[in-house]
Amino acid sequence: MAGVNKAIIVGRLGRDPELRYTQDGRAVASFSVATSEEWKDKDSGDKKERTEWHRVVAFGRLGEICGEYLAKGRLVYVDGRLQTRSWEKDGVTRYTTEIVAANMQILEPKGSGGSGGGGSMGEPVADDAGIPDDIPF
């Protein structure tokens, strides 16, 4: 039986996306998204909060869109798959796990919430979608 590898997050960007291109010209956008949970401490009654940071990478046309329209503070929905990669630095193998985005949607109208870029509560943007030149956000 095959497994399921699906990640879905809704959170705010911690910084502007970094957009670069591979040697063959394919766009790659990297950014981090913060998700938070809140609860009330049973003993003290104080409000507690925990923030988790998620690395996200988007390829191709979706990567270009993320690089152009996302900015620090923007509220976004991202879904994709988890992927762990490794590299070696100073003789030490390092690992990171990131979400490889398949879909992205900006969850607030243009001009509200975070800084920079616009947004739309319209249809999500998929990595393999044919994106028109007149994007409405």
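Described in the following lines is the structure provided in the data block. These figures come from a predicted structure and were not determined experimentally. (Residues numbered from 1 in each chain as written. Predicted model: local features only at pLDDT ≥ 70, side-chain atom pairs only at ≥ 80, totals over all residues. Heavy atoms only, no water.)

**Focus on the pattern of salt bridges**
In step 1: All chains considered together, the criterion is met by eight salt bridges.
In step 2: We note a salt bridge from Glu 108 to Arg 12, for which the minimum N-O separation is 3.5 Å. Here Glu 108 is found in the loop between β6 (92-106) and β7 (125-126), whereas its partner Arg 12 is found in strand β1 (residues 7-13), with 96 residues between them in sequence.
In step 3: For Glu 37, the salt bridge is made with Arg 50, and the minimal N-O distance between the two is 3.1 Å. Taken together, the residues Glu 37 in strand β3 (residues 27-40) and Arg 50 in strand β4 (residues 47-59) connect sequence positions 13 residues apart.
In step 4: Taking the relative accessible area as the measure of exposure, Arg 50 reaches 43% and is therefore partly exposed.
In step 5: One salt-bridge network, in which partners are shared between bridges, spans Arg 12, Arg 74 and Glu 108. (Salt bridge = Lys/Arg side-chain N within 4 Å of Asp/Glu carboxyl O. Helix = DSSP H or I, 4+ residues; strand = E, 2+ residues; numbered from the N terminus. Buried < 20%, exposed > 50% of the residue type's maximum accessible area, 1.4 Å probe, protein only.)

**Things to note about unusual backbone geometry**
In step 1: Non-glycine residue Asp 90 carries a positive phi angle of around 55°.
In step 2: Along the polypeptide, Asp 90 turns up in the loop between β5 (75-89) and β6.

**Quick word on the environment of Val 10**
In step 1: Inspection of the secondary structure puts Val 10 in strand β1.
In step 2: Distance from Val 10 to Leu 107, taken between C-alpha atoms, is 8.7 Å for residues 97 residues apart in sequence.
In step 3: Excluding its chain neighbours within four sequence positions, the residues that come into contact with Val 10 are Thr 35, Leu 75, Val 76, Tyr 77 and Leu 107. (Contact = heavy atoms within 4.5 Å.)

**Let's talk about the environment of Asp 46**
In step 1: As for its position among the elements, Asp 46 is in the loop between β3 and β4.
In step 2: Discounting chain neighbours no more than four positions away, the residues touching Asp 46 are Trp 39, Lys 40 and Asp 41.

**Digging into the pairing of β5**
In step 1: Pairing of β1 with β5 involves six bridges; the strand directions are antiparallel. Of the residues in β5, the one forming a bridge with Val 10 is Tyr 77.
In step 2: Inspection of the sheet shows β5 paired to β6 by 14 bridges, in the antiparallel sense. Within β6, the position partnered with Gln 83 by the bridge is Glu 98.
In step 3: Taken together, β5 and the strand that follows it, β6, pair antiparallel across an intervening segment of two residues, in which Asp 90 is found at a positive phi of about 55°. (Pairing = 2+ DSSP bridges.)

**Focus: the layout of surface pockets**
In step 1: Computed from the structure, the largest pocket encloses a volume of approximately 270 Å³.
In step 2: Considering the residues around the largest pocket, the lining is formed by 17 residues, among which Ser 30, Arg 55, Val 56, Arg 85 and Glu 98 are closest to the centre.
In step 3: Top contributing element to the lining of the largest pocket by residue count: β4, with six residues.
In step 4: Split by residue class, the lining of the largest pocket holds seven nonpolar, four polar and six charged. (1 Å grid on protein atoms, 1.4 Å probe; cavity = no way out; pocket = protein on both sides within 12 Å on 5 of 7 lines; lining within 4 Å. Points joined across faces, edges and corners; volume = space filled by probe spheres on them. Nonpolar A, V, L, I, M, F, W, Y, C, P; charged D, E, K, R; others polar.)

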